[in-house]
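Overview (structure and organization)
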Amino acid sequence: MYKAACRLGLVFFPAFDWAIDPTHPEREERLLYTQDQVLEEGILDIEGIREYRARRAAVQDVERVHICVPEVGARVTESHLIAAGGAIVAAEAVLKGEVDKAFAIVRPPGHHAMRIVHGARGFCNINMEAIMLEYIRRHYGPKRIAIVDTDCHHGDGSQDIYWHDKDSLYISLHQDGRTLYPGTGFLNEFGGPNAFGYNLNLPLPPETGEEGFLSALEHFILPVLADFKPDLVINSAGQDNHYTDPITNMRFSAQGYARLNDRLQPDIAVLEGGYSIEGALPYVNVGIILALAGVDYSGIREPDYSPEKVAQSQRVSDYIARLCDETYQAWEQRDTLRAEYIRGKKEISRRRRIYYDTEGLMETQEETTLICDHCGGLSWIDSRTDRGQHILAILIPRDACPRCQEEGHALFERSRTTDYPDGIYLQERVEDTLLKK
Amino acid sequence: MFVGLDMGGTHTDAVLIAGGQVKRHCKTPTDPEDFLRTVTRTLDAVLEGVEGGQVERLNLSTTVCTNAIVTGRTSPIGLLLEPGPGLNPAALTCGQKNFILSGSIDHRGRPTSPLVKEEIKAADRELRQAGIRHLAIVGKFSPRNPEHELAIKDTLSPGYQFITTGHHLSGRLNFPRRVFTACLNSAVAATFSAFAGAIKTYTTARQWPFTPHVLKADGGTLSLEASLSLPVETILSGPSASIMGALALAPTTRDAIILDIGGTTTDIAFLADGVPLYEPRGINLAGYPTLVWALFSYSLGLGGDSCLRVKDGHLVIGPDRQGPALALGGPAATPTDALITMGRLDLGDKALASQGLTQLGSRLGMTAHELAHAILQQMAAAIVARVETLLAAINSQPVYTVREVLEGRQLRPRQVIAIGAPAPLLAPELEAVFGLPVLVPPLAGVANAIGAALSQPTTELTLLADTQQGFLTVPEEGLRERVPSGFSLDRARHRALELLQARLRRLAPAAAGAELEVVEEQSFNMVSGFYTTGKNIRVKVQVKPRVVPLDRQDAQGEAEGNV
Ligand SMILES: [Zn+2]
Ligand SMILES: [Zn+2]
Ligand SMILES: [Zn+2]
């Protein structure tokens, strides 16, 4: 019989009674064959692997991360809250020391959900990893955390949430945004003025194979993690880089995902996307589980696997090598680059358009952040949608210094609801409250 | 008249039930060297003076197979595995000879690589040379499509004595458990068949016109003939006999705890709204996890004959049994001696019991009487602590739908039903620690045999329909048939129940009228490129396990007359 070298907690929540709509990729059937494979392989009988029951996250757990317009209840379904709660259960199992690692195989996904939520983006309404991480920090104290996002799509939501947070290093490997949704995720998206360099994107070319992902891990991700020295490593374990995925163009495999997790050794993995529900997910999920538990995964492979399906061209190999070098150099020079970026400025603003593909809604954001050497800096976002909504979101970071905190409150007092008819929100992370007027 | 017999490790109990009343019951020591004689002797005793023609039913719960495993008297097994890609199959090679064959089936039952005939032929030659005659053939995902397991069997030469194919055992997915279950099934087949033959001889000699039944771990029975191909299901039927007995003696519709307090162990089970809970994945047999469907029962090493010791200034009860109580000439003090010392039980030599307790008590600074109380309290506290741990685990079992998470059904027992010989004597301590009413029904000492007598045939079926491929599969029956593209969950349910009815009629003709139930049903749209291409339908049906409650008033009168 099998024994895990590493105690692993599993939270499996396939939401067999929930779909975005009946033929949507995010539907009831999505984790059905994964469940079949996990059951048939006898994974739950492996000594050291323990399954946990998902629970529902509280509205406050969501509000710690998101400003849902007009409120949480309007933007999420029960399934979203249970997926977020499932991720929290997984993380708590690790932090309480009941297991060494945990994997939350939950749906729907969340890494496209940003701080402000007007609707669904890329199948995501709320960000499961961020809700989980902020829950951990609230209940288990401050932590340096690295999120390694191996979903094929750029996790623009996670990037947005941690944009101003130096204690949360976000690293994303994804198919180049010039060829895939959401179209972002380039090197110059390097983090906000007070966390410059703590957002690292590695846009991989289409047709990247097993070798490319693993060399990006060895030559870029692992060295950065060695510098950053996180207390916790999280894998946003999207599985749409698989060679059979219907909506992407990459050439990764179950064996590759397993090896990646074996090398990365994340403390917690959370399922993100992945829509090859028969040909990839059953094998990728089993591969990740075994790699995390320290059980021999060398026999895991897709029935139609062949080395040609995961091979990449020399051109792709060379491109990735250059990309890793360039990005690693930028990371090493992050302090110098920041000094240049903020020189002589008191605040920095940016203007963005954000598309919500499910609703077909366009949001325009104007965000301003105070330059601050002591904290993530106070930010406020003026957000309008093409449906006529207009709100102001004031964001006091978790580690706010007294000045940024006071200025945030003052701005909330002074802003008038006549200017923002759909609400003025104050996300007060120091006091862990969300105020609205 | 119904006869029920439950053979345990130390005792064998039998009851004779007529008109809803226990007419007679008897308890004899189990002779580990001769199970058959134990059975016939006990039956002779309980049936003394009864005319053969009056008996309508004989249900047996036996430990013959368990004992064969424990003492290593099982047949050597040839294991033919078709693991396909996945976990390393080396961990599963539990046969005397093991063959890892090429070929694979995927989660939807599609063959993804072929069998290689020459490998099977080579295995066949080696097995014949080694003189191995009992085989297990198990493929990954065989319940989704049994054709490879069947083809392997067909490729072998004829003349093997017993072959278990994995899909025949259960529709549940779990390849390692399927392997262990198949091996155990073949390993005990010869032992079981010899026992069944002897029972048949016994009943034929008495010209009983019915087929004896054997108890299974799921609280149901199977005819002696039908159990010949599934002996593994009969291996651990003792705990379920007791649970069904408790239900017959003390029917309830509430959440409850059942305690079966015996000589060596206390078995703990639970009722949800009066219905017993099952082991979610199957029970462990001989240290192996299996697919054998069973009532949930946890065995705690604590009973009336548990050995008492003082260790580091503390009293330790069990988990072992050294022999009977001191009062009965045993080697060490036991909780039974405590009951005798306290005057709750009049048995054996009271002086020996209190002498032993005095000795033990002197090391703890207690009189014999103080110690006796302490023993019972500690025993009750240990049982309650374990019940609470088990409840916590049961109440945190994962669920997979939004509905179930939101409903959050929790098991909250409102009463305790205690059976087994020491149960009435321990009730005050249990009641104090549980803070719940403890019901000890009359005849609690032979509840196991009553459960055996009153259990009814059960069987289950899994139906999987894949309308895109146009097949339905019923692994337990080895059945694969075509379905039209419009096949629906309704029709699948209907077909499953129809097949279950036929299976029941074949396995236990007398029980054809039993109530059938749908245990699980799911239907998923399968989508490809934004178009629905078919339905993936899964239905599990079973014969509802049940006992006929005894007529409680009569049972009471009988108990007073007999105990
Ligand atoms: Zn990514
Ligand atoms: Zn994705
Ligand atoms: Zn500040």
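The model shown is predicted, which means the values in this text are computed figures rather than measured ones.

Further remarks concern the nonpolar core. Counting residues in each nonpolar core, the largest one holds 127 residues, and the members touching the most others are Ile43(A) and Leu169(A). When residues of this core are assigned to their parent elements, the largest contribution, 13 residues, is made by helix α5 (residues 175–205) of chain B. Not counting chain neighbours up to four residues away, the residues in contact with Leu169(A) comprise Ile145(A), Ala146(A), Ile147(A), Gly197(A), Tyr198(A), Leu200(A), Val224(A), Leu225(A), Phe228(A) and Trp331(A). Ala15(A), Trp18(A), Ile88(A) and Val94(A) belong to the second largest nonpolar core, which has 48 residues in total.

In this section: the pairing of strand β25 (residues 479–482) of chain B. All names here are of chain B. Judged from the 4 bridges that link them, strand β24 (residues 471–474) and β25 form a sheet pairing that is antiparallel. By the bridge assignment for β25, Leu472 is matched with Glu481. Between β24 and β25, which pair antiparallel one after the other, the connecting turn spans 4 residues, and Gly478 there sits at a positive phi close to 65 degrees.

This part takes up unusual backbone geometry. Of the consecutive residues Val69(A) and Pro70(A), the connecting peptide bond is found in the cis state with omega at 0 degrees. Along the chain, Pro70(A) falls in the loop between β3 (67–68) and α3 (72–75). For the bond from Arg107(A) to Pro108(A), the omega torsion is 0 degrees, close enough to zero to count as cis. Secondary-structure assignment places Pro108(A) in the loop between β4 (101–106) and β5 (116–117). Of note, Gln207(B) is a non-glycine position whose phi angle comes to about 60 degrees, a positive value. Structurally, the position occupied by Gln207(B) is in the loop between α5 and β11 (213–215). You can call Gln207(B) exposed: its relative accessible area is 70%. Despite not being glycine, Asp312(B) shows a phi value in the positive range, around 50 degrees.

With that settled, the discussion passes to the interface of chain B and chain A. By a frequent convention, interface size equals the accessible area lost on bringing the separate parts together. With 52 residues of chain B at the interface, the matching set in chain A holds 47 residues. With both chains or domains summed, chain B and chain A bury close to 4000 Å², and 58% of this area falls on carbon and sulfur atoms. Per-residue buried area on chain B facing chain A is highest for Leu87(B), His107(B) and Tyr400(B); these three make up 20% of the total on that side. Run the count over chain B and chain A and you get 8 salt bridges. The salt bridge involving Arg281(B) is made with Asp45(A); its shortest N-O contact spans 3.0 Å. On the surface where chain B and chain A come into contact, there are 28 residue pairs in polar contact (both at pLDDT 80 or more).

All names here are of chain A. Within the element layout of this structure, Ala311 appears in the loop between α9 (281–293) and α10 (314–332). Along the backbone, Ala311 and Glu431 are 120 residues apart, and their C-alpha atoms lie at a distance of 51 Å. Leaving out residues up to four positions away in the same chain, Ala311 has contacts with Glu207, Gly209 and Arg251.

On to the pattern of salt bridges. Under the definition given, this model contains 63 salt bridges over all chains. The salt bridge involving Asp36(A) is made with Arg144(B); its shortest N-O contact spans 2.8 Å. Highlighted residues: Asp36(A) in helix α1 (residues 32–40) and Arg144(B) in the loop between β9 (134–139) and α4 (147–155), drawn from two different chains. For Arg144(B), a relative accessible area of 9% translates into the label buried. Of the charged contacts, one joins Arg138(A) and Asp432(A) as a salt bridge, the two residues approaching to 3.5 Å between their closest N and O atoms.

Before going further, it helps to spend a moment on the side chain of Thr221(B). In this structure, Thr221(B) sits in strand β12 (residues 221–223). Once residues within four sequence positions are removed from consideration, Thr221(B) is found in contact with Asn59(B), His213(B), Val214(B), Leu215(B), Lys216(B), Ser455(B), Gln456(B), Pro457(B) and Thr458(B).

Before going further, it helps to examine the coordination of the zinc ion (ligand 2). All names here are of chain A. Listed as protein donors to the zinc ion (ligand 2) are Asp151 (OD), Asp151 (OD), His153 (ND1) and Asp240 (OD); their distances from the metal cover 1.9 to 2.8 Å. For the zinc ion (ligand 2), all donor residues lie on one chain, and their spacing in sequence is D-x1-H-x86-D. Here Asp151 is found in the loop between β6 (145–149) and α6 (156–161), whereas its partner Asp240 is found in the loop between β9 (232–237) and α8 (254–264), with 89 residues between them in sequence. For Asp240, a relative accessible area of 0% translates into the label buried.

Attention now moves to the confidence of the model for chain B. Residue and element names in this part refer to chain B. Residue-level pLDDT values for chain B average 91, and 98% of them are 70 or greater. Overall, residues 553–563 carries pLDDT values under 50, and its contacts beyond four positions in sequence, including any with other chains, amount to 10 contacts. Among the scores for the predicted complex, ipTM is 0.94 and pTM is 0.93.

Residues and elements named next belong to chain B. The strand order across the open sheet built from 4 strands is β6-β5-β9-β10, with neighbouring strands paired in parallel fashion. Both outer strands of the open sheet, β6 (97–100) and β10 (162–165), are each paired with one neighbouring strand and no more. Each adjacent strand pair in this sheet contributes to an overall mean axis angle of 15 degrees, direction not counted. Two elements, strand β5 (residues 77–82) and β9, share 6 bridges in a ladder whose sense is parallel. Within β9, the residue paired with Glu82 across the bridge is Gly139. Contacting β5, β6 and β9, helix α3 (residues 117–130) crosses the sheet at an angle of about 175 degrees to β6. Relative to β9, α5 is tilted by about 165 degrees, and along the sheet it contacts β5, β9 and β10.

Considering all chains together, one arrives at 14 aromatic pairs over all chains under this definition. For Arg121(A), the ring lying beneath its charged end belongs to Tyr356(A), and the centroid distance is 6.0 Å.

A separate point is the coordination of the zinc ion (ligand 1). Protein-derived coordination of the zinc ion (ligand 1) comes from Ser172(A) (OG) and Leu173(A) (O), at a distance range of 2.4 to 2.7 Å. There is no split in this pair, since Ser172(A) and Leu173(A) are both buried.

Looking now at helix α1 (residues 35–46) of chain B. Residue and element names in this part refer to chain B. Compared with the 16 Å implied by 1.5 Å per residue over 12 residues, the 17 Å span of α1 between its first and last C-alpha is a close match. Along α1, the residues classified as buried are Phe35, Thr38, Val39, Thr40, Thr42, Leu43 and Val46. Structurally, α1 contributes buried residues whose contacts are with β1 (2–7), β2 (11–18), β3 (21–29), β4 (57–61), α2 (64–70) and α5. Capping of α1 at its N-terminal end is provided by Asp34; its side-chain oxygen lies 3.4 Å from the backbone amide nitrogen of Leu36.

This part takes up the environment of Asp357(A). Residue and element names in this part refer to chain A. As for its position among the elements, Asp357 is in the loop between β11 (347–356) and β12 (361–370). For Asp357, a relative accessible area of 29% translates into the label partly exposed. In sequence terms Asp357 and Gly119 are 238 residues apart; their C-alpha atoms lie 8.7 Å from each other. Residue contacts for Asp357: discarding those within four places in its chain leaves Ala120, Arg121, Gly122 and Tyr181.

All names here are of chain B. Parsing chain B into structural domains produces domain 1 (77–187), domain 2 (251–440) and domain 3 (460–543). Between the C-alpha centres of domain 1 and domain 3 there is a distance of 25 Å. Between domain 1 and domain 3, the contact holds 13 residues from the first and 15 residues from the second. Contact between domain 1 and domain 3 buries roughly 1200 Å² in total, counting both sides, with carbon and sulfur atoms accounting for 42%. Together, Arg108, Arg144 and Arg172 form the three largest contributors to the area buried by domain 1 at its contact with domain 3, with a combined 47%. Counting across the interface, domain 1 meets domain 3 through 2 salt bridges. Two residues, Arg172 and Glu460, come together in a salt bridge whose shortest N-O distance is 3.0 Å. Counting across the interface, domain 1 meets domain 3 through 6 residue pairs in polar contact (both at pLDDT 80 or more). Tallied by class, the residues present in the side of domain 1 that touches domain 3 amount to 2 nonpolar, 6 polar and 5 charged.

Before going further, it helps to examine the domain arrangement of chain A. Residues and elements named next belong to chain A. You can read the domains of chain A as domain 1 (3–334) and domain 2 (346–436). Taken together, the contact between domain 1 and domain 2 spans 30 residues of the former and 36 residues of the latter. For the pairing of domain 1 and domain 2, the buried interface totals around 2800 Å² over both sides, and the portion due to carbon and sulfur atoms is 49%. Summed over the shared surface of domain 1 and domain 2, the result is 8 salt bridges.

Residues and elements named next belong to chain B. Here Gln542 shows up in strand β27 (residues 531–543). On the accessibility criterion, Gln542 (5% relative accessible area) is buried. A distance of 2.7 Å separates the side chain of Gln542 from the side chain of Glu517, its partner in a polar contact. Not counting residues within four places of it along the chain, the set of residues in contact with Gln542 comprises Tyr278, Trp293, Thr459, Glu460, Leu500, Glu515, Leu516, Glu517 and Val519.

Conventions adopted
Residues numbered from 1 in each chain as written. Chains lettered and ligands numbered in written order. Predicted model: local features only at pLDDT ≥ 70, side-chain atom pairs only at ≥ 80, totals over all residues. Heavy atoms only, no water. Core = buried A, V, L, I, M, F, W, Y, C linked by side-chain atoms within 4.5 Å. Buried < 20%, exposed > 50% of the residue type's maximum accessible area, 1.4 Å probe, protein only. Helix = DSSP H or I, 4+ residues; strand = E, 2+ residues; numbered from the N terminus. Contact = heavy atoms within 4.5 Å. Pairing = 2+ DSSP bridges. Buried area = accessible area lost by both parts, 1.4 Å probe. Salt bridge = Lys/Arg side-chain N within 4 Å of Asp/Glu carboxyl O. Polar contact = N/O pair within 3.5 Å; in protein donor to acceptor, adjacent residues only side chain to side chain. Donors = N, O, S within 2.8 Å, 3.2 Å for Na, K, Ca; no water. pLDDT = per-residue confidence, 0-100. Axes fitted to C-alpha atoms, helices over the stretch in contact; angles between N-to-C directions. Phe/Tyr/Trp six-rings, centres within 6.5 Å; stacked < 30°, edge-to-face > 60°. Lys NZ or Arg CZ within 6 Å of the ring centre and 35° of its normal. Expected span 1.5 Å × (residues − 1). Domains from an automatic or database assignment. Nonpolar A, V, L, I, M, F, W, Y, C, P; charged D, E, K, R; others polar.

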